[in-house]
Amino acid sequence: MAVLKIARMGHPVLLEPCRPVADPGAPEIRRLVRDMFDTMEDAPGAGLAAPQVHVPLRLFVFRVQPHRSTGAEGDAVAGNTVVINPVIEPVGEERQMRWEGCLSIPGLRAAVPRFARIRYSGVDCDGRPVSAEVTGFHAGVVQHEYDHLDGILYPMRMADFRPMGFTEEIGRTEELAARMAEIRAEWAGFAG
């Protein structure tokens with residue numbers, strides 16, 4: 001197991017477009033992918049792009065764990081997945097706001113506009129095609145990781161920075177909102 005150092009916002013490797021992977025099955029690419037999975041799991045994260053570990057190549061890894069999936073069609077649970085030389089395209093024009101964090105921007109989260117449905121394709125380390133049409137969390141994580149390959153960090157997608165904050169504060173706010181909803185429901189019972 002090799003856990004790699006994650007580049008943080010401000011490092012130039014995160015701002016440059018990445019080069020295509022010439023040989024997806026090369027031993028050094030297979031080793032990089034294994035190390036990226038180890039790093040993603042150690043962090044822990046839902047995805048990791050090669051430039052985040054200081055390698056400017058067009059590949060990323062991700063997973064959709066059960067607690068992240070909505071269970072809707074196109075947003076199923078997915079184990080560790082690698083996509084090399086990916087291509088993505090929106091399916092329709094619908095966009096939605098999606099809460100995102102990033103291992104390269106630790107401690108912060110924000111609501112980021114993303115396409116609601118996308119189609120992606122690429123290959124794995126054995127040269128086998130990897131493709132899917134996805135929605136929900138799955139679509140969001142793929143778009144987020146793909147952006148890294150073009151030197152784009154999620155704040156660059158935002159027009160409004162009000163829905164951005166420290167993860168701990170957002171968590172407290174969500175807990176407070178849930179408790180306030182419970183109190184309103186209790187009071188509604190008394191008012192009836």
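Structure report, in brief. (Residues numbered from 1 in each chain as written. Predicted model: local features only at pLDDT ≥ 70, side-chain atom pairs only at ≥ 80, totals over all residues. Heavy atoms only, no water.)

A word on the state of the cysteines. Evaluation of the coordinates by the stated rule reveals zero disulfides. The closest cysteine sulfur to the non-disulfide-bonded Cys18 is located on Cys102, 13 Å from its own sulfur. Cys18 sits in the buried class, given a relative accessible area of 8%. (Disulfide = S-S within 2.5 Å. Buried < 20%, exposed > 50% of the residue type's maximum accessible area, 1.4 Å probe, protein only.)

Estimated volume of the largest pocket: approximately 490 Å³. What lines the largest pocket is a set of 22 residues, and nearest its centre among them are Ala46, Arg68, Glu100, Gly101 and Cys102. Among the elements of the structure, strand 4 (95-102), strand 5 (105-115) and helix 2 (136-149) are those that each provide at least two residues to the lining of the largest pocket. For the lining of the largest pocket, a count of residues per class yields ten nonpolar, seven polar and five charged. (1 Å grid on protein atoms, 1.4 Å probe; cavity = no way out; pocket = protein on both sides within 12 Å on 5 of 7 lines; lining within 4 Å. Points joined across faces, edges and corners; volume = space filled by probe spheres on them. Helix = DSSP H or I, 4+ residues; strand = E, 2+ residues; numbered from the N terminus. Nonpolar A, V, L, I, M, F, W, Y, C, P; charged D, E, K, R; others polar.)

Once that is clear, we can look at the environment of Ala22. Looking at where Ala22 falls in the secondary structure, it is placed in the segment before helix 1 (27-42). C-alpha separation for the pair Ala22 and Met158, spaced 136 residues apart in sequence, amounts to 33 Å.

Next up on the list: the pairing of strand 7 (residues 129-135). Sheet topology note: the strand 6 (residues 117-123)/strand 7 ladder contains seven bridges and is antiparallel. Within strand 7, the residue paired with Ile118 across the bridge is Val134. (Pairing = 2+ DSSP bridges.)

A separate point is the sheet that holds strand 5. Across a sheet, strands are paired by hydrogen bonds formed along the backbone, either parallel or antiparallel in direction. Pairing is antiparallel in the open sheet, where three strands are placed in the order 4-5-8. Strands with a single pairing partner mark the edges of an open sheet, and in this sheet they are strand 4 and strand 8 (164-166). For this sheet, the mean inter-axis angle between neighbouring strands, taken without regard to orientation, is 20°. Packed onto the sheet, helix 2 meets strand 4 and strand 5 and runs at close to 65° relative to strand 4. (Axes fitted to C-alpha atoms, helices over the stretch in contact; angles between N-to-C directions. Contact = heavy atoms within 4.5 Å.)

Quick look at the packing of aromatic side chains now. The geometry of an aromatic ring pair is captured by the separation of the ring centres together with the interplanar angle, meaning the angle of the planes. Tallying each qualifying case throughout the model produces two aromatic pairs. Judged by centre distance (6.1 Å) and plane angle (45°), the ring pair of Phe60 and Phe62 falls under tilted. Seen from their ring centres, Phe62 and Tyr120 are 6.2 Å apart, and the 85° between their planes marks the pair as edge-to-face. Here the residue Phe62 occupies a position in strand 2 (residues 59-64), and Tyr120 occupies one in strand 6, the gap between them amounting to 58 residues. Like Tyr120, Phe62 is buried. Members of the aromatic cluster, each reached through a chain of ring pairs, are Phe60, Phe62 and Tyr120. Its end group placed over the ring of Tyr146, Arg58 keeps NZ or CZ at 5.5 Å from the ring centre. Its guanidinium or amino end placed over the ring of Phe115, Arg95 lies 3.9 Å from that ring's centre, counting from NZ or CZ. (Phe/Tyr/Trp six-rings, centres within 6.5 Å; stacked < 30°, edge-to-face > 60°. Lys NZ or Arg CZ within 6 Å of the ring centre and 35° of its normal.)

Function cannot be read off these values alone, since they describe shape.
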